[in-house]
Amino acid sequence: MAEFFTIANLVDLTLLIALQAVLGFDNLLYISLESQRAPLEKQKQVRFWGIVLAVVFRIVLLFLLLKMIAAFQQELFRIHWEGVIHATFTLHAIIVLFGGVFILYTAMKEILHMMTLEESHAQERSPKSIGSIIFWIVAMNVVFSFDSILSAMAVTKVFYTMATAIIIGGILMVALADTVSEFLKKNRMYEVMGLFILFLVGVMLLSEGGHLSHMTLFGNEVIQMSKTTFYFVLTVLIVSDIVQSRYQKKLNQMKQMSSNK
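Residues numbered from 1 in each chain as written. Predicted model: local features only at pLDDT ≥ 70, side-chain atom pairs only at ≥ 80, totals over all residues. Heavy atoms only, no water.

**Some thoughts on the overall build of the protein chain**
Quick reminder of the rule: Starting at the N terminus, helices and strands are each numbered in turn, a helix being any DSSP run of H or I of at least four residues and a strand any DSSP run of E of at least two. With a 1.4 Å probe rolled over the protein chains alone, any residue whose accessible area is under 20% of its type maximum counts as buried; one over 50% counts as exposed, and the rest are partly exposed.
A count of helical and extended segments in the protein chain gives eight helices and four strands. Listing each helix as α and each strand as β along the protein chain from the N terminus yields α-α-α-β-β-α-α-α-α-β-β-α. Buried residues in the protein chain amount to 40% of all 261 residues.

**Things to note about the confidence of the model for the protein chain**
Test applied: The quantity called pLDDT is the predictor's confidence in a given residue, expressed from 0 to 100. The contact definition used throughout considers only heavy atoms, calling two residues in contact when any of these lie within 4.5 Å.
The predicted model of the protein chain averages 77 in pLDDT, with 85% of residues at 70 or higher. Below pLDDT 50 for its whole length, residues 118–123 participates in three contacts with residues either more than four positions away or in separate chains.

**Remarks on the packing of aromatic side chains**
Quick note on the threshold: Stacked, edge-to-face and tilted labels apply to pairs of Phe, Tyr and Trp rings (six-membered ring for Trp) whose centres lie within 6.5 Å, assigned for plane angles under 30 degrees, over 60, and everything in between, in that order.
Going through the model one piece at a time under the given rule, you end up with six aromatic pairs. For the ring pair F48 and W49, a centre distance of 5.2 Å and an interplane angle of 80° mean the geometry is edge-to-face. For W49, a relative accessible area of 41% corresponds to the partly exposed category. Seen in terms of ring centroids, F102 and W136 are 4.0 Å apart; in terms of plane orientation they differ by 10°. Their pairing is stacked. With F102 in helix α4 (residues 91–115) and W136 in helix α5 (residues 130–155), this pair connects stretches of sequence that are 34 residues apart. Neither F102 nor W136 differs from the other in exposure class; each is buried. Aromatic ring contacts, followed pair by pair, group F98, F102, F135 and W136 into a single cluster.

**Here we look at a nonpolar patch on the surface**
Short version of the rule: Two joining distances apply to patches: 9 Å for like charges and 5 Å for nonpolar side chains (Val, Leu, Ile, Met, Phe, Trp, Tyr), and every residue must have over 30% relative accessible area and no salt bridge. Here the accessible surface of atoms and residues is derived via Shrake-Rupley with a 1.4 Å probe, and residues count as covered only by protein chains that are part of the display. Basic side-chain nitrogens of Lys or Arg form a salt bridge, by our definition, when they fall within 4 Å of a carboxyl oxygen of Asp or Glu.
A surface patch of nonpolar side chains, amounting to about 780 Å² of accessible area, comprises F48, W49, L53, V56, F57, V60, F63, L64 and M68. Tracing the backbone through its elements, the reader meets V60 in helix α3 (residues 43–73). A residue is classified by how much of its surface remains accessible, and V60, at 42% relative accessible area, is partly exposed.

**Some points on the side chain of S35**
What counts, and what does not: Counted as a polar contact is a pair of N or O atoms within 3.5 Å, where, for protein atoms, one must be capable of donating a hydrogen and the other of accepting one, and residues adjacent in sequence contribute only when both atoms are in side chains.
On the secondary structure map, S35 appears in helix α2 (residues 25–35). Its relative accessible area of 0% is what places S35 among the buried residues. Polar side-chain contacts of S35 include one of 3.1 Å to the side chain of R47. The residues contacting S35, other than those within four sequence positions of it, are Q43, V46, R47, I133 and S181.

**Focus: the pairing of strand β2 (residues 85–90)**
As a reminder, the rule being used: If DSSP finds at least two bridges between two strands, the strands pair.
Counting buried residues in β2 gives five out of six residues, a clear majority hidden from the surface. Relative to strand β3 (residues 216–217), β2 runs antiparallel, the two being bridged by two bridges. The residue bridging I85 from the neighbouring strand is L217, located in β3.

**So, unusual backbone geometry**
One non-glycine residue, H214, adopts positive backbone phi at about 50°. Using a relative accessible area of 55% as the deciding quantity, one classes H214 as exposed. Of note, F218 is a non-glycine position whose phi angle comes to about 55°, a positive value. If you trace the backbone, F218 turns up in the loop between β3 and β4 (220–221).

**Thoughts on the pairing of strand β1 (residues 75–81)**
A regular strand places its side chains so that they alternate between the two faces of the sheet. Note that β1 and β2 share six bridges and pair antiparallel. In the strand pairing of β2, H80 is matched with H86.

**Section: the sheet that holds β3**
With antiparallel pairing, four strands are arranged side by side in an open sheet as β1-β2-β3-β4. At either end of the open sheet lies a strand with only one pairing partner, and these are β1 and β4. Sheet analysis places β3 next to β4, joined by two bridges and oriented antiparallel. Bridge pairing links L217 to N220 in β4.

What follows is the structure, given as structure tokens:
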């Protein structure tokens, strides 16, 4: 434990905390959106326990990956359909692909729900049980954590350093979760943007899972979406939404001025 307090480990810890903050954005967005399915008085509690349990499972996953990294990368089975699909699946690839499919399903379901709402009969999302919401927050956190843990293992192999970064990242998420959730509640138009960002995260996870399984579809290799591409598209989405909202406000002001004449 004394070796933890070395200059090299402290530098690595700083880098890993920054990594947790950057890679944790999509996770925090999912937590904020999913927690809104709980009763209003329980939402803060759901976010807190969801993040706490997720941090515990993330540390367990870190320990398992350090000890059993070969098992996660070992081939489980293959699919080969001439001219259609070829893939070699590992446990790592299956978990990432499952996470991508589930997030795409969640995002699309909520987007369709918004599109079918009638103005005079607007309804909230169908409620879920507290246990179900916390379960999915923890499960998706584990899926998201693969990327951050494997990236962390490229920086250092010291368990205490990585575990400390995960705990600090969890504390930051607890501190920011309520703020993000309240912002989405007060600015419902940004909730649509958040769902499309979540959709983009699902696409990114699917591309990563396809890359991990060396998948080819109709003779075309599945290429993993790079983080640079992801953040570029994310920036374009945010800027476009800001420009659109300001433009809409100006149009409404012009209509109001013309109607008052």
